[in-house]
Amino acid sequence: MNPLDLVNILKKHTAYIQTHNFPDPDAIASAFGLQQFLAYYGVPATLCYDGRIDRLNAKKMLDTFQIAMYPKSELTHMKEDDLIVLVDSQKMNSNVTDLIGNEVACIDHHPTFFPYEYQYEDIRPVGSCACLIASYYQETGTPISQNCASALAYGIKMDTADFTRGATALDAEMLSFLFPRANWDLVTDMYANTMAFDDLRAYGAAIQNIQIFDGVGFAYIPFNCAQALIAIISDFILSLDVVTIAVIYAMQTDGIRFSVRSEQHCLHAGNLIAEALQPYGSGGGHPSMSGGMIPSCNVHLLGEDIHSSIRSAFLDAITRAEQKN
Ligand SMILES: [Mn+2]
């Protein structure tokens with residue numbers, strides 16, 4: 001589809017651009033990049049999300065690139081006939097709240113679990129959603145601001161873990177398109193002071209209780225912490241030489257939250273978490289990274305020793321997956 005079709009769909013409506021809940025840098029960059037693109041063609045759009053922007057690097061993006069985003073609680077004026085563009089997420093996924101407006105468009109790079117008829121759909125299996133938005137500027141020859149080019153470049157770098165995770169040729173082409181248009185000092189600046197002092201407690205807990213079973217590392221964070229931090233700690237545990245699959249889980253107020261990483265090519269992290277959590281909760285994601293949740297009301301299903309139940313659920317699912325291969 002031509003990205004200018006989206007302009008026509010949204011024109012003369014009140015438009016919102018919604019990311020997945022607890023937006024990460026790629027989601028924020030994509031939403032901002034699309035907002036600036038639409039603005040060039042005279043279509044104003046409000047950026048919104050549910051959950052919180054609670055990670056240091058996500059919060060820092062808002063200041064560094066001058067981005068304004070509004071949480072669901074501040075969207076009291078949204079109406080049923082307002083139009084929503086979903087970015088870095090798809091309708092009916094568990095990580096995106098169904099807001100009152102009408103989801104007419106979707107731009108995403110995740111696999112589709114719930115097909116839906118959007119008026120405008122651009123879902124491509126690339127490493128970052130931000131590279132799809134960057135391609136809109138390139139294809140249409142639309143001018144891009146330094147702030148916007150910098151934010152999109154940062155989004156591509158973060159979601160591909162600097163081209164080591166799911167990166168495609170389009171991610172690389174778009175980074176080279178953005179590089180001369182960006183203010184690279186802003187991008188570099190995003191890499192300074194990225195860890196909050198409180199994060200150390202979560203790292204400390206995970207390091208203390210990590211257990212490794214045949215390349216599968218399990219670590220537990222016994223207190224509430226930012227969702228994105230759980231994901232970062234699971235990257236950290238995966239970086240151990242003796243770990244090829246990392247399963248990190250944290251006790252949250254609303255249940256147990258999981259983050260899974262796999263560097264085994266034949267073991268799909270999204271399928272693994274979906275299968276392991278199936279009796280207790282839900283989960284899903286990419287081949288190499290995924291997330292999931294056991295809601296509070298189901299935690300009792302794990303029995304007295306929740307850690308051994310969680311371990312068995314994952315190790316059994318891995319065994320079954322290996323037998324299938
Ligand atoms: Mn993304």
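Residues numbered from 1 in each chain as written. Predicted model: local features only at pLDDT ≥ 70, side-chain atom pairs only at ≥ 80, totals over all residues.

**A look at the environment of alanine 274**
Turning to step 1, where the next piece is worked out: Checked against the element boundaries, alanine 274 lands in helix H10 (residues 269-277).
Turning to step 2, where the next piece is worked out: Judged by the 18 C-beta atoms lying within 10 Å of it, alanine 274 falls in the partly exposed class.
Turning to step 3, where the next piece is worked out: Spatially, the C-alpha atom of alanine 274 lies 28 Å from that of isoleucine 84, the residues being 190 residues apart in sequence.
Turning to step 4, where the next piece is worked out: Once residues within four sequence positions are removed from consideration, alanine 274 is found in contact with Gly283 and Gly284. (Helix = DSSP H or I, 4+ residues; strand = E, 2+ residues; numbered from the N terminus. Buried ≥ 20, exposed ≤ 12 C-beta atoms within 10 Å, placed from the backbone. Contact = placed C-beta atoms within 7 Å.)

**Points about H10**
Turning to step 1, where the next piece is worked out: Of the positions making up H10, those classed as buried are Ala269, Gly270, Leu272, Ile273, Ala276 and Leu277. For H10, the arc enclosing every buried residue in end-on projection is 165°, short of the 170-degree limit, so these residues lie on one face.
Turning to step 2, where the next piece is worked out: Considering only its buried residues, H10 is in contact with strand S10 (255-262), strand S11 (282-285), strand S12 (289-295) and helix H11 (306-324). (Arc of directions from axis to C-beta.)

**Remarks on helix H3 (residues 56-64)**
Turning to step 1, where the next piece is worked out: Among all positions in H3, only Asn57, Ala58 and Met61 are buried. In a view along the axis of H3, the buried residues occupy a sector of 105°, so they form one face of it.
Turning to step 2, where the next piece is worked out: In this fold, the buried residues of H3 make contact with helix H2 (25-40), helix H5 (146-159) and helix H9 (227-238).
Turning to step 3, where the next piece is worked out: Glutamine 66 sits one or two positions beyond H3 and adopts a positive phi of about 55°.

**Digging into the sheet that holds strand S3 (residues 69-71)**
Turning to step 1, where the next piece is worked out: As summarised here, the arrangement of the six strands in space is S3-S2-S1-S4-S5-S6, forming an open sheet in which the pairing is parallel. Each having just a single partner strand, S3 and strand S6 (120-123) make up the two edges of the open sheet. Sheet twist, expressed as the average angle between the axes of neighbouring strands with direction ignored, equals 30°.
Turning to step 2, where the next piece is worked out: Alignment of strand S1 (residues 15-18) against strand S4 (residues 83-87), held across four bridges, turns out to be parallel. Bridge pairing links tyrosine 16 to isoleucine 84 in S4. (Pairing = 2+ DSSP bridges. Axes fitted to C-alpha atoms, helices over the stretch in contact; angles between N-to-C directions.)

**Digging into the nonpolar core**
Turning to step 1, where the next piece is worked out: Counting 96 residues, the largest nonpolar core has Ile133, Leu152 and Val247 as the members making the most contacts within it.
Turning to step 2, where the next piece is worked out: Formed jointly, this core draws a minimum of three residues from each of two domains, domain 1 (3-189) and domain 2 (199-324).
Turning to step 3, where the next piece is worked out: Beyond its immediate sequence surroundings of up to four residues, leucine 152 is in contact with Ala29, Gly33, Ala130, Ile133, Ala134 and Leu178. (Core = buried A, V, L, I, M, F, W, Y, C linked by C-beta atoms within 7 Å. Domains from an automatic or database assignment.)

**Observations regarding the domain arrangement of the protein**
Turning to step 1, where the next piece is worked out: When cut into domains, the protein gives domain 1 (3-189) and domain 2 (199-324).
Turning to step 2, where the next piece is worked out: Taken over C-alpha atoms, the centre of domain 1 sits 28 Å from the centre of domain 2.
Turning to step 3, where the next piece is worked out: Across the boundary between the two partners, domain 1 contributes nine residues, which contact eight residues of domain 2.
Turning to step 4, where the next piece is worked out: When grouped by side-chain class, the residues that make up the side of domain 1 that touches domain 2 number three nonpolar, two polar and four charged. (Nonpolar A, V, L, I, M, F, W, Y, C, P; charged D, E, K, R; others polar.)

**Brief notes about the sheet that holds strand S8 (residues 216-221)**
Turning to step 1, where the next piece is worked out: With mixed pairing, the six strands of this open sheet are ordered in space as S7-S8-S9-S10-S12-S11. With partners counted over all chains shown, the strands left at the sheet margins are strand S7 (211-213) and S11, one partner each. Neighbour-to-neighbour, the strand axes of this sheet turn through a mean angle of 15°, independent of strand direction.
Turning to step 2, where the next piece is worked out: Bridge analysis of S8 against strand S9 (residues 245-252) gives six bridges, and the strand direction is parallel. Bridge pairing in S9 places tyrosine 220 opposite tyrosine 249.
Turning to step 3, where the next piece is worked out: Sitting on the sheet, helix H8 (residues 199-209) is in contact with S8 and S9, with an inclination near 135° to S8.

**Thoughts on the environment of leucine 170**
Turning to step 1, where the next piece is worked out: With respect to the secondary-structure elements, leucine 170 resides in helix H6 (residues 169-178).
Turning to step 2, where the next piece is worked out: When the C-alpha atoms of leucine 170 and histidine 77 are compared, they prove to be 37 Å apart, with 93 residues separating the residues in sequence.
Turning to step 3, where the next piece is worked out: Excluding residues that lie within four positions of it along the chain, leucine 170 makes contacts with Val126, Cys131 and Ser135.

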